[in-house]
Structures are given as C-alpha cells and as structure tokens.
Amino acid sequence: MTENHDLAPEADVTEQQLPATETADVPVETRVPMEANPADVAEQAAPVPYDEDDDFRPGT
C-alpha cells in the first residue's frame, strides 16, 4: 500500500479487496486430448474420497 492509503476513497478500497473473478461458481473445464481413452478420462475425473487413516501423523 502507499503511504497515502488514508486518503483513498473507501469505495475504491472496498472494491480492490474483492477477487478479480468469482471462480467458486464457475466449473473448470479440462481439455482432453482426442487420443485419450474415455475410461481413463472418467476415472481421473472422479473425486478421491478423503480417508483419515491415510494421513501420516507422527506420534506426539
């Protein structure tokens, strides 16, 4: 920030704190090569479930 940040209009400061794009609601499209096996693409797109047993936590 500049040394004159107290002189900045409040509306501008508020706007600058917002994200440039709202990506939370926009799905990410992944490009798939034409030679990719459809079964492999589907398997890689499936979400991986979280399993606490897989966490490595050293004993304390």
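Relevant structure appears above.
The notes below deal with the structure included here. Being a predicted model, the structure only gives us computed values, none of them experimental. (Residues numbered from 1 in each chain as written. Predicted model: local features only at pLDDT ≥ 70, side-chain atom pairs only at ≥ 80, totals over all residues. Heavy atoms only, no water.)

Things to note about the overall build of the chain
Counting its secondary structure elements, the chain contains two helices and zero strands. Taking all 60 residues of the chain together, 0% fall into the buried category. If you sum the accessible surface of the chain, you get close to 6700 Å²; carbon and sulfur atoms cover 53% of it. (Helix = DSSP H or I, 4+ residues; strand = E, 2+ residues; numbered from the N terminus. Buried < 20%, exposed > 50% of the residue type's maximum accessible area, 1.4 Å probe, protein only. Areas by Shrake-Rupley, 256 points an atom, 1.4 Å probe, with all protein chains shown as cover.)

A look at helix H2 (residues 38-45)
Counting buried positions along H2 yields zero of eight residues, so the element is predominantly exposed. In this structure asparagine 37 caps H2, since a side-chain oxygen of it lies 2.9 Å from the backbone nitrogen of alanine 39. (Polar contact = N/O pair within 3.5 Å; in protein donor to acceptor, adjacent residues only side chain to side chain.)

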